[in-house]
Amino acid sequence: MRSRPFARPGYSVGRMETQSPFASMDAFLAVPRVGRLVLSPDGSTLVAPVQTLAPDGKKYLSALWRIDPDGGPARRLTWSSPGETAPAFLPDGDLLFVSARPDPAPDPGATEDSDGPGLWRLPAGGGDAQLIATRPGGLGAPLIARDSATVVVTAGVLHGAADDDAKKRADRRSGDVSAILHEGLPVRHWDHDLGPEQDRLLVLGEAGPSGRCPLRDLTPDAGSALVEAATAITPDGATVFTSWRTVHPGGRESIRLQALDVAAGTSRVFAARDDDPGDQHDYTGPAVSPDGRLLVHVDVRTESGQRAPTQTLVVADLATGETRDLLAGFGLWPQQAVFAPDSSAVFFLANQAGHCPLFRVELDGGQVTRLSRSGAYSEICPSPDGAHVYALRNHIDSPPRPVRLDARAADQDPVYLDAPGAVAELPGRMEEVEAEAPDGARVRAWLVRPEGDAPAPLLLWVHGGPLMSWDTWSWRWNPWLMAARGWAVLLPDPGLSDGYGDDFVQRAWGHWGPVPFADLMAVTDATVARPDIDGTRTAAMGGSYGGYMTNWIAGHTDRFQALVTHASLWALESFMGSTDHPGAWMLEWGYADTEPDRYERNSPNRHASALVTPMLVIHGDRDYRVPIGEGLGLWSELTRRGVEAKFLYFPDEGHWILKPGNVKVWYQTVHAFLEHHVLGQEWVRPDLV
């Protein structure tokens, strides 16, 4: 194993928070959280939504902040109590956003009431924001054409015509009807039911005398096709490109690109390759070049039982239909593509060995430049003059911060811009470690060490996915909260992790349990051999796939003193029949009656007889990705076999625990459980559970 320190880049910020957010859970939850980032057409202003804890501590509120691209002080722009989200600039510099704030000048001629957020316009020259569009059920984020100011928004519409929506909603309320009739898959998504509303794309018409804009439905026949849709619009506003989810017989799902003619209201398939499940491609993440000639999108060659997915960027000529692979042989999985302002290059992101760098690929010649040296980037905003790129940078040791980079220089450290939510100091340090797996593969990890040199107890924390990696800051799975209590936290990327090339994923494909388990044990063995780690005091935990792997660990070793498993898969056969998108997993696993060996080889419940390690099981009842039955099944086996265990249940939470009070209880329970079983402290039940 090799170990090397990882240096944190210096912050170029005007203000920094001085109180440690790791002194208490209350302090951690109170840290402001920067979300999206958008740049004005003239490049003079960045705007970001920033979440802060509500005064009562029960939820987060979002406000819009102005970020100075030159590094001056940040300034809050909006102040309403309902909050503001989804900022987007019009070509004239006015700012659109979504908010449920009350209208100070209601339209006297309005015949419909809105029971959700509306679309607001904040003038660039100053003045109050004006409500410009609203409808029953509310509106989602705006999509704006850069030259014509055509605006398209997402909205939920009950089955049928959008014009009938208000009456149908009223009739359901008056009739006390909550039923949803499904005629196919999927029926749920993450933490909510699909239906009776269906996502639609609506285009804004010309404003009337009241300043309100009518809405016209572009996708009346969408059904469930726009679940988690990614969209783009041509500069002239003539065409919207959107990902379009299709459900095939048997429940298999695929994603194509659909082109919507805004004026005519017609739709056509732009890109699809889904007639052969053995060679299916999903297309998403479209972006149109500023000159309107090209479209770039992500092409995912989806998984099959024997083949792991691969991913690349494809550019299409909108006039000729000719396409080409921009990143042939690149090996990493690109995402979030954005054109350079002169349409000569594409910026994109891709996970790479514990980082998610910002890359630039030239359309002429295909040269790829990695612009950032370290960290994980998002929200790419090229400056209009082509000189800079603005983005949000975060990493394991830093929450998201707005930054500026040169648009062409390689391996840069960014200039940080002032914004709320900076973390002044961490309760420890971070290193990069490596080990060799039994099959000879290199397995790397981040090791978060607490302050001091005394040997620290070790917590192995397995990431979710599994096609992910430890490379970003997490407000939910934060290792520094453990380091502040004296733990060393090992964050490994075992087989199936993204960022190490296609072969690294393929070596574990169809072997979810055995290969990643061997990788995890190899890097754990190497880590506990260090003099600053106490190998006699160890625990392991994880969520989602990390929970699956924690369950696998429970059935294959007793080396750890305690295990924590959150939102975990226990029995693959029952999971396949109850998860929200069974068709997506069918491509990889097949069905238990046709591929029994795959289920037998990879399902943790097949090893229930080996359960001996104390376990804390955590699950939310509204988790539809890994339904509550998985947690209950594991809990039943633990109690049946007399294993010392506890079950932390959240009736109103989904795959993630989001309510601040529940987050506090989550960490309090995890801390108490681990400190009791690993550190020998007395068990103290959290007060509120």
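Read on for an overview of the structure. (Residues numbered from 1 in each chain as written. Predicted model: local features only at pLDDT ≥ 70, side-chain atom pairs only at ≥ 80, totals over all residues. Heavy atoms only, no water.)

With that settled, the discussion passes to the sheet that holds strand 7 (residues 84–89). Pairing is antiparallel across the open sheet formed by 4 strands, whose spatial order is 7-8-9-10. Two strands in the sheet have a free side with no partner beyond their single neighbour: strand 7 and strand 10 (130–133). Each strand of the sheet is rotated relative to its neighbour by a mean of 35°, with strand direction disregarded. Examined bridge by bridge, strand 8 (residues 95–99) and strand 9 (residues 118–122) share 5 bridges and lie antiparallel to one another. Looking at the pairing, serine 99 lines up with glycine 118 of strand 9. (Pairing = 2+ DSSP bridges. Helix = DSSP H or I, 4+ residues; strand = E, 2+ residues; numbered from the N terminus. Axes fitted to C-alpha atoms, helices over the stretch in contact; angles between N-to-C directions.)

Another aspect to go through is the packing of helix 5 (residues 514–528) against helix 6 (residues 545–554). Orientation of helix 5 relative to helix 6, taken along the N-to-C sense of each, is 80°, at an axis distance of 10 Å. The angle between helix 5 and helix 6 places the two elements in the roughly perpendicular class. Counting all contacts with helix 5, which are made through Pro514, Pro516, Phe517, Leu520 and Met521, the residues of helix 6 involved are Tyr545, Met549, Trp552 and Ile553. Tallied by class, residues from the contact of helix 5 with helix 6 come to 9 nonpolar, no polar and no charged. (Parallel < 35°, antiparallel > 145°, perpendicular 65-115°, else oblique. Contact = heavy atoms within 4.5 Å. Nonpolar A, V, L, I, M, F, W, Y, C, P; charged D, E, K, R; others polar.)

Among the 9 residues in strand 31 (residues 398–406), 8 count as buried, and that is most of the element. Pairing of strand 30 (residues 388–395) with strand 31, which is carried by 7 bridges, proceeds in the antiparallel orientation. Looking across to strand 31, one finds that alanine 391 is bridged to valine 403. Between strand 30 and strand 31, which pair antiparallel and follow one another directly, the connecting turn spans 2 residues. Relative to strand 32 (residues 415–416), strand 31 runs antiparallel, the two being bridged by 2 bridges. For arginine 404, the partnering residue across the bridge sits in strand 32 and is valine 415. (Buried < 20%, exposed > 50% of the residue type's maximum accessible area, 1.4 Å probe, protein only.)

Attention now moves to the pattern of salt bridges. This model, assessed by the stated rule, comprises 36 salt bridges. Arginine 507 is the partner of aspartate 519 in a salt bridge, and the nearest nitrogen-oxygen pair spans 2.7 Å. Taken together, the residues span a long stretch of sequence, with aspartate 519 in helix 5 and arginine 507 in the loop between helix 4 (502–506) and helix 5 at a distance of 12 residues. Between aspartate 532 and arginine 530 there is a salt bridge whose closest N-O contact spans 2.8 Å. Overall, the relative accessible area of 11% leaves arginine 530 in the buried class. Look at the salt bridges and you will find they share partners, linking Arg429, Glu431, Arg449, Arg530 and Asp532 into a network. (Salt bridge = Lys/Arg side-chain N within 4 Å of Asp/Glu carboxyl O.)

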